[in-house]
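Each chain, written out:
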Amino acid sequence: GGPEEDLTLQSSLRPQPLGSGYRSEHSSLHLDPNSKLSSTTTPSPPLTMADLKKTLGGDDSRVRRIRITLTSRDVPNLEKVCADLKKGARGENLKVKGPVRLPTKVLRITTRKSPCGEGTNTWDRFEMRIHKRIIDLYSPSETVRKITSIIIEPGVEVEVTVM
């Protein structure tokens, strides 16, 4: 070991400045067959968006709040779909809130029975009741696709919102 060998070793171990925006250079020490110590540095490529998504956990693997809104005129069908969704989510070990029962909307129409307007004033009163339930799930998006692939009863509308 002469003085030149000590100089190359010290220069390869010198700290790199921070804040350059790129990954630090990888230093590797090689021993030559002539028993001289030499240092080589190979710069690594800059970070790409794919690398960031892998390290940060991409969009689909993040836990998100998914709100499922169910509306129907038929209460038993609505309750059956809610129970199926909740059972599927519990099977996947997800955090579930609901079903939250929102107030029933009652749409009323009052009309005369007589088509011509003559005779006794008799009236028909029709109403349609719309029932609404909200279920909140806390899970990744791909898990919700599996859960919502259940058979939905006729007359039940499903709306999925990712928040």
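Below is a short write-up of the structure. Since the model is a prediction, treat every value here as computed from it, not as a measurement.

## Re the packing of aromatic side chains
Moving on, step 1. With the rule as written, the count across this model stands at 0 aromatic pairs.
Moving on, step 2. Sitting over the face of the ring of Y138, K95 holds its NZ or CZ atom 5.1 Å from the ring centroid.
Moving on, step 3. The cationic tip of R112 hangs over the ring face of W123; the distance from NZ or CZ to the ring centre is 5.8 Å.

## Considerations on the sheet that holds strand β6 (residues 156–162)
Remark on secondary structure: sheet strands pair via backbone hydrogen bonds, oriented parallel or antiparallel.
Moving on, step 1. Across the sheet, which stays open at both edges, the 4 strands sit in the order β4-β5-β3-β6 with antiparallel pairing between neighbours. Looking at strand neighbours, the two that pair on one side only are β4 (95–112) and β6, the edges of this open sheet. Taking each pair of neighbouring strands and ignoring which way they run, the sheet shows an average axis angle of 15 degrees.
Moving on, step 2. Alignment of strand β3 (residues 64–72) against strand β5 (residues 123–139), held across 9 bridges, turns out to be antiparallel. Paired with L70 across the strands is R133, a residue of β5.
Moving on, step 3. Sitting on the sheet, helix α3 (residues 75–91) is in contact with β3, β4, β5 and β6, with an inclination near 0 degrees to β5.

## Things to note about the nonpolar core
Moving on, step 1. Grouped together as the largest cluster of nonpolar side chains are 15 residues, with contacts concentrated most on I68, L70, L85, A89, I135 and L137.
Moving on, step 2. Elements with a contribution of two residues or more to this core: β3, α3, β5 and α4 (141–147).
Moving on, step 3. Among the elements that line this core, the one with the most residues is α3, at 5 residues.
Moving on, step 4. For I135, the contacting residues outside a window of four places in its chain are I66, R67, I68, L70, C82, L85, V96, K97 and P99.

Rules and cut-offs
- Residues numbered from 1 in each chain as written.
- Predicted model: local features only at pLDDT ≥ 70, side-chain atom pairs only at ≥ 80, totals over all residues.
- Heavy atoms only, no water.
- Phe/Tyr/Trp six-rings, centres within 6.5 Å; stacked < 30°, edge-to-face > 60°.
- Lys NZ or Arg CZ within 6 Å of the ring centre and 35° of its normal.
- Pairing = 2+ DSSP bridges.
- Helix = DSSP H or I, 4+ residues; strand = E, 2+ residues; numbered from the N terminus.
- Axes fitted to C-alpha atoms, helices over the stretch in contact; angles between N-to-C directions.
- Contact = heavy atoms within 4.5 Å.
- Core = buried A, V, L, I, M, F, W, Y, C linked by side-chain atoms within 4.5 Å.
- Buried < 20%, exposed > 50% of the residue type's maximum accessible area, 1.4 Å probe, protein only.

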